[in-house]
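Coordinates in review
Single-letter residue listing:
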Amino acid sequence: MEVPLLYEIVIIFLLSIFVTIVCNKIKLPATVGFLLTGVLCGPSMLGIVKDMRAIDHIAELGVAMLLFTIGMELSGEALNRLKRPVFLGGSLQIGLTVMAVAGIAMLLSHGTFQQGIFWGCLVALSSSAIVLRILQERGATSTPTGRLSLAILVFQDIMVAPMLLCVPLLAGTLELSLEGAVFSTLRVVAVLGAVLLFARFGLDRLMEAVVRTRTREILLLSTLGLCLGMAMLTNYLGLSLSLGAFMAGLMLARSQYSMSVISGILPYRDVFMSLFFISVGMLLNLEYFSQHVVSIVVITALFIVIKTLLTLPAVLVQGYPLRAAIITSLSLAQVGEFAFVLAASGLSAKLFDMNAYQTFLAVSVLTMMLTPCLMAIAPRLADMVAGKRNEHKLATAENHEGACAMEDHLIIVGFGISGKHLAHVARESGLCYTILEMNPETVTRYRHKEPISHGDASQPVVLEHLGVTKARVMAIVISDPSAVRAIVIEARRFNPHLHIIARTRFVSEVAPLRQLGADEVIAEEFETSIEVFSRVLTRYLVPRQDIDSYAARIRQENYRMIRRMSAAVNSLDSMVSRLPDMGVQAMRLAAASPLCGISLAQSQMRRKYGVTVIAILRHGATQASPEPNDLFEADDVVYLFGKTDKLLAIAPLFSGPLRESGKETSPPPKAA
């Protein structure tokens, strides 16, 4: 029995494996490999696929599932913050692009105004599938540029339906009917109202009933049913499939079972997304491309430049710095997947001829193939351009005007969850601090509550405004890896004595950041692993001191590994000054500690625990190099010097009796 499409799909998958492996060897993203696979399978080369429309329909599911998972990753607060970028940035980006491209098309091709508007709509759309996939692979969806790109892409998806409706209007074939328009509007309002009521009152009950079955298959079927059902509903209303899937993801994001839902659908999304990229590659006609290669390459270059320049104002008008605007604009400088649907409608409506259609397809595939490279070089290009521009535009808080006069203060770069916690602790501890955040809406929300400023910390003028030359510590707690590297370089150049603490997502980023000048790098991946095994051991009732000892030893081994990785670039003087594996730790002495009331000599700190007491802070006065007969008192702050693992292991002694190997040690003898 012959199964339709099975032969083609099997050949496509096998060929994509080979092509993707080759691309990986030459450092090209998997997305490019899938596009090249489509070119090989297409009618202009091997001609493996006979039914292109069937492959296109399958590929549309991949785009819908991608938007579904993106919607699930957005919380209500995050979506609320995206309202302004979606409608202001998105409308400005599409409006500027349509009008500018319409004018250029009319001048160059001497076409009609209607044809110019149609070309503007084609150019205005960008690829949600490619951009969001790359952002997810790089873990950059939560960065300012990632959020901006998502906001503009969502608005573009919303505008697909009006653009499709405008095609017959531009072609002069639309017959307007007041009765039909009113009926269509009422139908859309009624259906969307029913969906909102279901999301409000019925969705949670449905998901709870599904999860209670404890059947993974039922959960997966329910997820796919909601995702594809909403996609079909919006398609019935004349909107795009992906917009409906995005709405379904937003609804399920409110559910407490969202993580179970998203984990089940990810493998299917990846398979369908691969087919989408392959289907795009099939559209390229190599014979036409070879005959017009020079003009296609020139048009592609002009397309990228023009679209980048037209997207810049949509980001800058929202108050974001030039660097973020350049990265976002280059990320969106390609043709979108829905532009193919729009182009097919325009071809049938005779808004352009077959040669123009083939040129559009060739330029589209080229821009999609170049997108991973453009997004890779965007941060470096943005640093070059923005570095030459004097960024004076800072939205400062009322109590932050004297930032340059601050001394010995803390600079917090990024005001997400980590930045907020750090600011709270700094305020409770009486530390002088200042905050820098690149999201203008966050700055506006907290400007009367915190010493917060708006700006890009990789720019020298911004660091000068923050008083980086007089600061003691800088904590970089943002999610953009390239921005973290740029900030570390500039901060170290301004202040060689500044203590820089940077957060990163992966352990592989630790050594490069230390080589660039960061004193401490906290890897979320590494710290999460420690927290995981700590909680596992806690459930098995392993003593807390033993767990802390394990964590201290693992941290010590990790730091040694990082120092070995950094040794090739660190000078000998730097290595000696840092005293590998050594550190200073401050410990507050609790009243329950066995150290209270005994002398320094009786505590046997150096012999028994491997640490040295170098100072004691008591009642606001610091006693350096305490005498052996000096007694410890409750609420003393004791400064210890020693190896990192020893300092971590001794911490419980200052709050209570210390256990070693599961047994409680006897407290040191009290002073007579």
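Everything discussed here concerns the structure shown above.
Reading the values: rules and limits
- Residues numbered from 1 in each chain as written.
- Predicted model: local features only at pLDDT ≥ 70, side-chain atom pairs only at ≥ 80, totals over all residues.
- Heavy atoms only, no water.
- Helix = DSSP H or I, 4+ residues; strand = E, 2+ residues; numbered from the N terminus.
- Buried < 20%, exposed > 50% of the residue type's maximum accessible area, 1.4 Å probe, protein only.
- Contact = heavy atoms within 4.5 Å.
- Areas by Shrake-Rupley, 256 points an atom, 1.4 Å probe, with all protein chains shown as cover.
- Pairing = 2+ DSSP bridges.
- Axes fitted to C-alpha atoms, helices over the stretch in contact; angles between N-to-C directions.
- Salt bridge = Lys/Arg side-chain N within 4 Å of Asp/Glu carboxyl O.
- Phe/Tyr/Trp six-rings, centres within 6.5 Å; stacked < 30°, edge-to-face > 60°.
- Polar contact = N/O pair within 3.5 Å; in protein donor to acceptor, adjacent residues only side chain to side chain.
- Core = buried A, V, L, I, M, F, W, Y, C linked by side-chain atoms within 4.5 Å.
- Left-handed = near helix turned anticlockwise from the far one by under 90°.
- Nonpolar A, V, L, I, M, F, W, Y, C, P; charged D, E, K, R; others polar.
- Expected span 1.5 Å × (residues − 1).
- Right-handed = clockwise from strand over helix to strand, strands pointing away.

This next bit is on the overall build of the protein. Within the protein one finds 28 helices and twelve strands. Classification of the 672 residues of the protein by burial places 49% in the buried group. The contacts in the protein between residues at least 6 apart in sequence include a share of 73% that link residues at least 24 apart. Taken as a whole, the protein presents about 33000 Å² of accessible surface, with 63% of it coming from carbon and sulfur.

Strand order in this open sheet of six strands is 3-2-1-4-5-6, and the pairing throughout is parallel. Strand pairing shows two members of the sheet lacking a second neighbour, strand 3 (452-454) and strand 6 (520-523), which therefore form its edges. Along the sheet, successive strands turn relative to each other by an average axial angle of 15°, direction set aside. Where strand 1 (residues 410-413) and strand 4 (residues 473-476) come together, four bridges link them in parallel fashion. Looking at strand 4, one finds that Val413 is bridged to Ile476. Contacting strand 1, strand 2 (433-437), strand 4 and strand 5 (499-504), helix 18 (residues 417-428) crosses the sheet at an angle of about 160° to strand 1. Set on the sheet, helix 23 (residues 524-539) makes contact with strand 5 and strand 6; between it and strand 6 the angle comes to about 60°.

In this section: the pattern of salt bridges. On inspection of all chains with the given rule, the structure shows eleven salt bridges. The partner of Arg323 in a salt bridge is Asp480, with the nearest N and O atoms 3.9 Å apart. Taken together, the positions of Arg323 in helix 15 (residues 322-331) and Asp480 in the loop between strand 4 and helix 21 (481-494) put the pair 157 residues apart, joining distant regions of the chain. Among the salt bridges present, the one from Arg588 reaches Asp635, with a minimum N-O distance of 3.2 Å. Within this pair, whereas Arg588 is found in strand 7 (residues 582-588), its partner Asp635 is found in the loop between strand 9 (621-624) and strand 10 (637-643), the two being separated by 47 residues in sequence. Under the relative-accessibility criterion, Arg588 is labelled exposed at 53%. Classification of Asp635 as partly exposed rests on a relative accessible area of 48%. Within this structure, Arg618, Glu633 and Asp636 form a network of salt bridges that share partners.

A full pass over the atoms with the stated rule returns six aromatic pairs. Consider the rings of Phe415 and Tyr446, whose centres lie 5.0 Å apart with planes at 80°: the pair is edge-to-face. Highlighted residues: Phe415 in the loop between strand 1 and helix 18 and Tyr446 in helix 19 (residues 440-446), separated in sequence by 31 residues. Per residue, the accessibility class of Phe415 equals that of Tyr446, and both read buried. Grouped by ring-pair contacts, the aromatic residues Phe118, Trp119, Phe352, Tyr357 and Phe360 constitute a single cluster.

Let us look at the side chain of Ser593. Within the secondary structure layout, Ser593 lies in the loop between strand 7 and helix 26 (600-603). We classify Ser593 as buried; its relative accessible area is 3%. Within polar-contact distance, the side chain of Ser593 engages the backbone oxygen of Leu653 at 2.8 Å.

As a further point, take the nonpolar core. In globular proteins that are soluble, nonpolar side chains generally tend to be buried together. If you look at the biggest cluster of nonpolar residues, it comprises 98 residues, and the most contacted ones within it are Phe68, Phe118, Leu122, Phe277, Leu342 and Phe360. Per-element tally for this core: the top contributor is helix 17 (residues 354-387), with twelve residues. Ignoring sequence-local partners within four residues, the contact set of Phe360 consists of Trp119, Leu122, Val335, Ala339, Phe340 and Ala343. In terms of nonpolar packing, the next biggest core, distinct from the first, is built from 30 residues, Val488, Ala502, Val521 and Ala523 among them.

Read across the sheet, four strands follow the order 7-10-8-9 without closing on themselves; strand pairing throughout is antiparallel. Edge positions in the open sheet fall to strand 7 and strand 9, since each of these has one partner strand only. In this sheet, neighbouring strand axes are inclined to one another by 25° on average, regardless of whether the strands run parallel or antiparallel. Summarising the sheet, strand 8 (residues 611-618) and strand 10 pair through six bridges and their orientation is antiparallel. Bridge pairing in strand 10 places Leu617 opposite Val637.

Remark: helix 5 (residues 83-109) packs on helix 14 (residues 293-316), axes separated minimally by 8 Å, with the N-to-C direction vectors making an angle of 140°. Where helix 5 crosses over helix 14, the handedness of that crossing is right-handed. Between helix 5 and helix 14, the residues in contact are Gly89, Leu92, Gln93, Leu96, Thr97, Ala100, Val101 and Ile104 and Ile306, Lys307, Leu310, Thr311, Pro313 and Ala314, respectively. Here the residues of the contact of helix 5 with helix 14 sort into nine nonpolar, four polar and one charged.

We now examine the pairing of strand 10. Summarising the sheet, strand 7 and strand 10 pair through seven bridges and their orientation is antiparallel. Bridge assignment links Gln585 to a residue of strand 10, and that residue is Leu640.

Moving on, we come to helix 5. For helix 5, with 27 residues, the first-to-last C-alpha span of 38 Å sits near the 39 Å given by 1.5 Å per residue. Directly after helix 5, the chain includes His110, whose backbone phi takes a positive value near 55°.

Let us look at the pairing of strand 6. Residues Val521 and Ala523 point to one face of strand 6 and are all buried, whereas Glu520 and Ile522, pointing to the other face, are not buried. Sheet topology note: the strand 5/strand 6 ladder contains four bridges and is parallel. Of the residues in strand 6, the one forming a bridge with Thr504 is Ala523. In this fold, strand 5 hands off to helix 22 (residues 510-516), which returns the chain to strand 6; that crossover is right-handed.

Time to look at the side chain of Thr359. As for its placement among the helices and strands, Thr359 is situated in helix 17. For Thr359, a relative accessible area of 17% gives the class buried. If we ignore the near neighbours within four places in the chain, the residues touching Thr359 are Tyr288 and Ile299.

Bringing unusual backbone geometry into the picture now. You will see that Lys350, though not glycine, has its phi angle at about 65°, which is positive. Assessed through its relative accessible area of 70%, Lys350 is described here as exposed.

A separate point is the environment of Phe34. Here Phe34 is to be found in helix 2 (residues 30-41). Judged by its relative accessible area of 12%, Phe34 is buried. Linking Phe34 and Thr20, residues 14 residues apart in sequence, is a C-alpha distance of 6.9 Å. Apart from the residues lying within four places of it in its own chain, the contact partners of Phe34 are Ser16, Thr20, Ser274, Phe277 and Ile278.

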